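Chain by chain, the residues:
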Amino acid sequence: MENPEVAMVFEEIADLLEILGENPFRVRAYRNAARTIRELPEPVEQVARDPGRRLEDLPGIGKDLAEKIRVIVNTGDHPLRQELRQKVPPGLRDLLDIPGLGPKRAYALYKQLGITSREELKKAAQARRIRTLRGFGAKTEQAILEALEHLEEVSRRVYLAEAKVFADAVIQHLRAVPELHQIEVAGSFRRRKETVGDLDVLVTCDQSAPVMDRLAEYSAVRDVLVRGDTKMSVRLANGMQLDLRVVPEESYGAALQYFTGSQAHNIQLRRRAQEMGLKINEYGVFRGEERVAGRTEEEVYAAVGLPWIPPELREARGEIEWALEGKLPKLVELTQIRGDLHMHTNVTDGRASIEQMILACKELGYQYLAITDHSKRVTVAGGLDADALRAHWRNIDRIASRIAGITVLKGVELDILEDGSLDLPDDVLAEADWVVASIHYGQNQPRQQITRRILNAIENKYVHCIAHPTGRLIGKRKAYDVDLDLVLKAAADHGCFLEVNAQPSRLDLDDVALLAAREKGILIAINTDAHSIDELRFMEFGVYQARRGALEAKDVLNTRSVRELRKLLTQRRK
DNA sequence: GCCGTTTTCGGCCCGACTGTTTTCAGTCG
């Protein structure tokens, strides 16, 4: 049983308990457990079945939840969920996604009007029956109707890359206001999550009116939703909501910390403050009435005895412990990237020529690049057979010899075929400087089969790296049903590299997998998989994902010099 | 339901906002 499945049982139990008005801390315990399991880098089922391991050692898992996990992995479900479903129709959970509706009101709607789905809710609202309930009014009823209309848009998350286009543009637009001092986008955007729901923009300024006026007239603002003295919300052209908050200078750091989150990180931080007799809120760190910090984030963290923690790590995955022990990683930075090892040219499905790609990489300041066009199986992309590939490589050599100051590796994106074999024979691969292997076909194979395919590739010494190792397309296509734990183990054992694919829709390996890969000492290549010159700029997003996985420069293959790189590639083939 | 060099019981992050209400519960981030 997969971790997300186990986590979903606990999530549902948490929702149902909450709707029933159970102890909120008991609800939180189930949610914490769900999160722990979802982010566990190995199958929780494996921990449960290993007599040498204790589920109780996992954070937030005590005796009771450990037993429940055992029941779930053995039976696929837990009686408590069934019991709760008797008391609360499961459809009621769907109401929790509607802004303004929480567990209490959802239960009131069910108890008093018998509503058990969004559809029934809509009918009741249209019939003006909701306003008759105590605690509800005409405004709430109207808000529910509107929320139901726009639910898809409201709950939509966009790729970080898309959010960044808007965030950068808004910041640039607002900077023109002379009254503006500081401005930054907080929230999950600042933590560089792979998708972003809305933008939280913080500013300090002499007067808020000119800043808000300027935002209102921005071309990408579709609607102004709310405008007060210190807060303004707008809807952007792509459907995203943007919240602008004006905060006092002396609270800027505290507000930035607060609005950057994550919520789980903030809870841990505040608990620590509490133990020290302090209180943290968005206005500062307080001892009694006295503000002891708040102007900068560094100040806020220092007030609770911690160094500043990079936003990408603020997910309550042990970063506060790292900070306390002086073990915070020195995260890899874009400027440390010396080359890009996965890209395509117009010889297969790319848009730019060999020469254009080389020149563009040189322009980016890289020391090297690898050209990795598709192998023959990928027919839709015009994949190359052995002869065509050899000719392509000769061509690359010829063009590269004319361009000084950058090293060009002759590579290939080698298809891992459905039967587990590789698309080109070893003698051809041996002639390549660099081989990335990946799956394009047979993505729906059962777990064992598809895992075996990837292991075959890892075990072949001519394969340097596995590209986009899970094949997911965020929000569009699920990952292959691959046993990532086995893949990581094999990669570590065989010295095979794994990729973070920097395409905004891919970004796999993801942060959680990277944390596990880092533990195992696997070297990660951050590659753009660019199909055009523009896409070389996606490197930034790959680096963000690597940072969320706590990777340092030493953990990343393509921070190495050409010499070191060549040495590592040779080692792999021994 | 979890957790503990102040605790095995009594805590569990914190404040703003909204709409509904006459002092606040529910929701949200």
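Look above for the structure.
Quick look at the structure, then. This one's a predicted model, so the numbers in the text were calculated from it and none came from an experiment. (Residues numbered from 1 in each chain as written. Chains lettered and ligands numbered in written order. Predicted model: local features only at pLDDT ≥ 70, side-chain atom pairs only at ≥ 80, totals over all residues. Heavy atoms only, no water.)

Estimated volume of the second largest pocket: approximately 420 Å³. Lining the second largest pocket are 10 residues, and of these Ala143, Glu146, Ala147, Leu225 and Arg235 sit closest to its centre. Of all the elements in the fold, those that place two or more residues in the lining of the second largest pocket are α8 (138-149) and β5 (221-227). Considering each element in turn, the lining of the second largest pocket owes the most residues, three residues, to α8. The residue makeup of the lining of the second largest pocket, split by class, is six nonpolar, two polar and two charged. The residues that make up the lining of the second largest pocket include at least three from each of domain 1 (3-154) and domain 2 (158-246). (1 Å grid on protein atoms, 1.4 Å probe; cavity = no way out; pocket = protein on both sides within 12 Å on 5 of 7 lines; lining within 4 Å. Points joined across faces, edges and corners; volume = space filled by probe spheres on them. Helix = DSSP H or I, 4+ residues; strand = E, 2+ residues; numbered from the N terminus. Nonpolar A, V, L, I, M, F, W, Y, C, P; charged D, E, K, R; others polar. Domains from an automatic or database assignment.)

Quick look at the protein's contact with DNA strand B now. The environment of DNA strand B is formed by 39 residues, the closest being Arg28, Gly100, Gly137, Tyr258 and Arg270. Near-protein atoms of DNA strand B (within 4 Å) split between backbone and bases, with sugar and phosphate holding 72%. One of the side-chain nitrogen or oxygen atoms of arginine 270 is found 2.5 Å away from a sugar or linking oxygen of DNA strand B. Between DNA strand B and the protein, one listed contact pairs a phosphate oxygen with a side-chain N or O atom of glutamine 274 at 3.2 Å. (Near = heavy atom within 4 Å. Polar contact = N/O pair within 3.5 Å; in protein donor to acceptor, adjacent residues only side chain to side chain.)

In this section: the packing of aromatic side chains. Scanning the entire structure with this criterion turns up six aromatic pairs. A ring pair is formed by phenylalanine 10 and tyrosine 30, whose centres lie 5.8 Å apart and whose planes are at 65°; its orientation type is edge-to-face. Taken together, the positions of phenylalanine 10 in helix α1 (residues 3-19) and tyrosine 30 in helix α2 (residues 24-38) put the pair 20 residues apart, joining distant regions of the chain. Taken together, a centroid distance of 4.7 Å and an interplanar angle of 85° make the contact between tyrosine 258 and phenylalanine 259 edge-to-face. By relative accessible area, which is 17% here, phenylalanine 259 ends up buried. (Phe/Tyr/Trp six-rings, centres within 6.5 Å; stacked < 30°, edge-to-face > 60°. Buried < 20%, exposed > 50% of the residue type's maximum accessible area, 1.4 Å probe, protein only.)

Here the focus is the sheet that holds strand β13 (residues 407-415). With parallel pairing, seven strands are arranged side by side in an open sheet as β11-β12-β13-β14-β15-β16-β17. The outermost strands of the open sheet, each flanked by one partner alone, are β11 (339-340) and β17 (524-527). When strand β12 (residues 368-371) meets β13, the two strands line up parallel, connected through four bridges. Considered in β13, the bridge of tyrosine 368 is made with threonine 407. Packing against the sheet, helix α24 (residues 562-572) makes contact with β12, β13, β14 (434-438) and β16 (497-501), and its axis sits at approximately 35° to β13. (Pairing = 2+ DSSP bridges. Contact = heavy atoms within 4.5 Å. Axes fitted to C-alpha atoms, helices over the stretch in contact; angles between N-to-C directions.)

These values are about where atoms sit, not about what they do.
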